Amino acid sequence: GESVGLHLPTLSVQEGDNSIINCAYSNSASDYFIWYKQESGKGPQFIIDIRSNMDKRQGQRVTVLLNKTVKHLSLQIAATQPGDSAVYFCAGSSDTGRRALTFGSGTRLQVQP
Amino acid sequence: DTEVTQTPKHLVMGMTNKKSLKCEQHMGHRAMYWYKQKAKKPPELMFVYSYEKLSINESVPSRFSPECPNSSLLNLHLHALQPEDSALYLCASSGPGNDEQFFGPGTRLTVL
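Caption draft 1: Here's a closer look at the overall build of chain B. From N to C terminus, chain B includes 0 helices and 11 strands. The secondary structure elements of chain B, listed N-terminal to C-terminal, are β-β-β-β-β-β-β-β-β-β-β. Over its C-alpha trace chain B gives a radius of gyration of 13 Å, about what one expects of a compact globule, namely 13 Å for 112 residues. Each principal axis of the C-alpha atoms in chain B carries an extent, and together these give about 40 × 25 × 20 Å. Across the 112 residues in chain B, those meeting the buried criterion constitute 46%. For chain B, the computed accessible surface area is about 5,400 Å², with 51% contributed by carbon and sulfur atoms. Looking at charge distribution, chain B has the averaged site of its 12 positive side-chain charges lying 9 Å from that of its 11 negative ones.

Caption draft 2: Expanded view of the sheet that holds strand β8 (residues 73–79) of chain B. All names here are of chain B. With respect to topology, 4 strands assemble into an open sheet ordered β1-β3-β8-β7, the strand pairing being antiparallel. The sheet terminates laterally at β1 (4–7) and β7 (64–70), the two strands that pair on one side only. Averaged over neighbouring strand pairs, the angle between their axes works out to 20° when direction is ignored. In terms of strand pairing, strand β3 (residues 18–25) meets β8 through 7 bridges, oriented antiparallel. From the neighbouring strand, Glu24 faces β8, where its bridge partner is Leu73.

Caption draft 3: Broad picture of the pattern of salt bridges. Residues and elements named next belong to chain A. Taken as a whole, this structure holds 7 salt bridges over all chains when the rule is applied. A salt bridge links Glu39 to Lys42, with the nearest nitrogen and oxygen atoms 3.8 Å apart. Residue class for Glu39 comes out partly exposed when judged on its relative accessible area of 27%. Among the ionic pairs, Arg61 bridges to Asp84, the shortest N-O distance being 2.9 Å. Pair noted here: Arg61 is in the loop between β6 (56–58) and β7 (62–67) and Asp84 is in the loop between β8 (72–77) and β9 (86–94), with a separation of 23 residues, a long-range link.

Caption draft 4: A look at the pairing of β8 of chain A. Residues and elements named next belong to chain A. The pairing of strand β3 (residues 19–25) with β8 spans 6 bridges and is antiparallel. Paired with Cys23 across the bridge in β8 is Leu73. In this structure, the hairpin formed by β7 and β8 is closed by a connection of 4 residues, where Lys71 is found at a positive phi of approximately 55°.

Caption draft 5: Region of interest: the interface of chain B and chain A. Taken together, the contact between chain B and chain A spans 20 residues of the former and 19 residues of the latter. If you look at where chain B meets chain A, you find 1 salt bridge. If you look at where chain B meets chain A, you find 4 residue pairs in polar contact (both at pLDDT 80 or more). Going through the elements one at a time, β4 (31–37), β5 (44–50) and β9 (87–94) of chain B are the ones with two or more residues in the side of chain B that touches chain A. Top element by residues in the side of chain B that touches chain A is β4 of chain B. It accounts for 4 residues.

Caption draft 6: The layout of surface pockets, seen in detail. Of the voids in this model, the largest pocket is the one considered here, and its volume is about 510 Å³. Lining the largest pocket are 23 residues, with Val87 and Arg108 of chain A together with Ala39, Lys40 and Lys41 of chain B sitting closest to its centre. Going through the elements one at a time, β9 and β11 (107–112) of chain A are the ones with two or more residues in the lining of the largest pocket. If you tally residues by element for the lining of the largest pocket, the top one is β9 of chain A, at 3 residues. Residue classes in the lining of the largest pocket are distributed as 8 nonpolar, 9 polar and 6 charged. For the second largest pocket, the calculated volume is near 330 Å³.

Caption draft 7: Here's a closer look at the state of the cysteines. In this structure the tally under the stated criterion is 2 disulfides over all chains. Covalently, Cys23 of chain A is tied to Cys90 of chain A through a disulfide, its sulfur atoms 1.8 Å apart. Handedness of the Cys23 of chain A-Cys90 of chain A disulfide follows from its S-S torsion of about 50°: it is right-handed. One end of the pair, Cys23 of chain A, is in strand β3; the other, Cys90 of chain A, is in strand β9, and 67 residues separate them in sequence. When sorted by exposure, Cys23 of chain A lands in the same class as Cys90 of chain A, which is buried. The disulfide bridge from Cys23 of chain B ends at Cys91 of chain B, spanning 1.8 Å between sulfur atoms.

Conventions used here
Counting from 1, residues in each chain are numbered in the order their sequence is written. Here chains are named by letter from A upward and ligands by number from 1 upward, in the order in which they appear as written. In view of the model being predicted, local features appear only for residues whose pLDDT reaches at least 70, and side-chain atom pairs are presented and counted only at 80 or more, with totals across whole chains, interfaces and linings using the full set of residues. Working from all heavy atoms in the structure, the side-chain values ignore hydrogens and water. For helices the rule is a DSSP run of H or I covering at least 4 residues; for strands it is a run of E covering at least 2, with both sets numbered from the N terminus onward. Our radius of gyration is a C-alpha quantity, and the globule rule it is checked against amounts to 2.2 Å times the number of residues to the power 0.38. When accessible area is computed with a 1.4 Å probe and restricted to protein chains, residues below 20% of their type maximum are described as buried, those above 50% as exposed, and intermediate ones as partly exposed. The method behind every accessible area is Shrake-Rupley, applied with a 1.4 Å probe, and residues are considered shielded solely by the protein chains displayed. Asp and Glu are treated as the negative residues and Lys and Arg as the positive ones, with His and the ends of the chain left uncounted. Where a charge lies is defined by one atom per residue type, namely NZ (Lys), CZ (Arg), CG (Asp) and CD (Glu). Each pair of strands is called paired provided DSSP finds at least two bridges between the two strands. Structural elements are reduced to axes, namely lines fitted to C-alpha atoms, with helices fitted over the stretch in contact, and the angle between N-to-C directions of any two is expressed from 0 to 180 degrees. When a carboxyl oxygen of Asp or Glu is within 4 Å of a side-chain nitrogen of Lys or Arg, the pair counts as a salt bridge. Should any heavy atoms of two residues lie within 4.5 Å, those residues are considered in contact. Contacts described as polar in this section are N or O atom pairs within 3.5 Å, which, within protein, must combine one atom able to donate a hydrogen with one able to accept it, while residues neighboring in sequence count only if both atoms come from side chains. Residues are called lining when one of their atoms sits within 4 Å of a cavity or pocket point, these points coming from a 1 Å grid over the protein atoms alone, where a cavity is a set in which a 1.4 Å probe fits but cannot get out and a pocket is an open set with protein on both sides within 12 Å along at least five of seven lines. Grid points are joined across faces, edges and corners, and a volume is the space filled by probe spheres set on the points. Throughout this entry, Asp, Glu, Lys and Arg are counted as charged residues, while Ala, Val, Leu, Ile, Met, Phe, Trp, Tyr, Cys and Pro are counted as nonpolar. The remaining residues, Gly among them, count as polar. Note on disulfides: each one is a pair of cysteine sulfur atoms within 2.5 Å.

In structure tokens:
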């Protein structure tokens, strides 16, 4: 099955710094990954996704890197803002279970003003 | 309309009650999902409906009964729940040809 986990439960950064949140996965058949942001009392909000035929994808202030060799992905947030404070989840799926996302345990990002 | 809506926002029920959670989307998505999220934990998949048919049931107890009346609506019927079923219940949807799942705000369920 799919197993997706995170390295750190809490990350504290200064406003304006760049943030890096890491995620490891165990299923080598995983071919789709997605990052969500969840604020307190809200549902997960899509940030960015990436397929296994790519190793990097950029969005607005965010970049996802995928290293299939070591089964690792990361979310980079540039110029972190107080509004970025939330819990960040990575999730993955394999083609055979395309619609079954397995979530990692989550990292809480705290942005200090 | 680019959102998933869920009602009610909060629900408190006794162990002998019967209640239903509702989810709605008007994005033309043909896959809809129920997830359960305990405090400080990630969402866990419960059910997946694809084209109004149940395609995945993650060994969820029968006291949770999903229903997909049409392509825009997804219900979760609750009966004889236990206090440990208290959680945030999230609904999501995704479109054909696009794996990105859009989540609703969730229903906060408390079972007394």
